[in-house]
Amino acid sequence: QVQLVESGGGLVQAGGSLRLSCAASGRTFSMGWFRQAPGKEREFVAGINWSTYYADSVKGRFTISRDDAKNTVYLLMNSLKPEDTAVYYCAQSTVWGMTRRPADFASWGQGTQVTVSS
């Protein structure tokens, strides 16, 4: 089972940008980013396999990408809003296709905190 380590979170003002990284211990293909705010369920943010796909709430602001030479997946977050504040997790998909369900992902990282101030 691949090990995942997220990094890159922090405190940023609204309108700012952050780039999250997810370093894997081995090769990956279908990956996803999720987030969880206090008192809320974990929600899908972005996924990548042979293509990329996004939650409507981040489409046009966030970009998921990968560097296979480094076994790393990135999440570039622009135009951040206070409602983007959450712990962000990366995970590896266990199913074929563009799934958004947390239950279809495994090997979760420990998460990285993103806080957007207004």
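On a predicted model such as this, the values are computed, not experimentally measured, just so you know. (Residues numbered from 1 in each chain as written. Predicted model: local features only at pLDDT ≥ 70, side-chain atom pairs only at ≥ 80, totals over all residues. Heavy atoms only, no water.)

1. Re the packing of aromatic side chains
Per the counting criterion, the structure on display carries eight aromatic pairs. When the centroid spacing of 5.7 Å and the interplanar angle of 80 degrees are considered together, the rings of Phe-34 and Phe-44 count as edge-to-face. A residue pair is termed long-range when its members are at least 10 positions apart, and Phe-34 in strand 4 (residues 31-36) and Phe-44 in strand 5 (residues 43-48) qualify at ten residues. Classification of Phe-34 as buried rests on a relative accessible area of 0%. Clustering of aromatic rings is evident, with ring pairs tying together Phe-34, Phe-44, Tyr-53, Tyr-89, Phe-105 and Trp-108. For the cation-ring pair, Arg-42 lies above Tyr-89, with the distance from its terminal atom to the ring centre recorded as 3.9 Å. (Phe/Tyr/Trp six-rings, centres within 6.5 Å; stacked < 30°, edge-to-face > 60°. Helix = DSSP H or I, 4+ residues; strand = E, 2+ residues; numbered from the N terminus. Buried < 20%, exposed > 50% of the residue type's maximum accessible area, 1.4 Å probe, protein only. Lys NZ or Arg CZ within 6 Å of the ring centre and 35° of its normal.)

2. What to know about the side chain of Ser-107
For Ser-107, the position within the fold is in the loop between strand 10 (105-106) and strand 11 (112-117). Residue classification places Ser-107 among the buried residues on the basis of a relative accessible area of 10%. Side chain to side chain, Ser-107 and Gln-1 meet in a polar contact 3.2 Å long. Among the polar contacts listed, one links the side chain of Ser-107 to the backbone oxygen of Val-2, at a separation of 3.5 Å. If we skip the residues at most four places from it in the chain, Ser-107 touches Gln-1, Val-2, Leu-4, Cys-90, Ala-91 and Gln-92. (Polar contact = N/O pair within 3.5 Å; in protein donor to acceptor, adjacent residues only side chain to side chain. Contact = heavy atoms within 4.5 Å.)

3. Considerations on the state of the cysteines
For the coordinates displayed, the defined rule picks out one disulfide. Note that Cys-22 is cross-linked by a disulfide to Cys-90, the S-S spacing being 2.0 Å. Judged by the torsion about the S-S bond (70 degrees), the Cys-22/Cys-90 disulfide is right-handed. Note that Cys-22 is positioned in strand 3 (residues 18-24) and Cys-90 in strand 9 (residues 86-93), a separation of 68 residues in sequence. Judged by its relative accessible area of 1%, Cys-22 falls in the buried class. (Disulfide = S-S within 2.5 Å.)

4. Regarding the sheet that holds strand 3
Strand order in the open sheet formed by four strands is 1-3-8-7, with antiparallel pairing between adjacent strands. Either end of the sheet is taken by a strand with one partner, and the two such strands are strand 1 (4-7) and strand 7 (62-67). This sheet shows a mean twist of 15 degrees between the axes of neighbouring strands, independent of strand direction. Where strand 1 meets strand 3, four bridges bridge the pair, whose relative direction is antiparallel. Looking at strand 3, one finds that Val-5 is bridged to Ala-23. (Pairing = 2+ DSSP bridges. Axes fitted to C-alpha atoms, helices over the stretch in contact; angles between N-to-C directions.)

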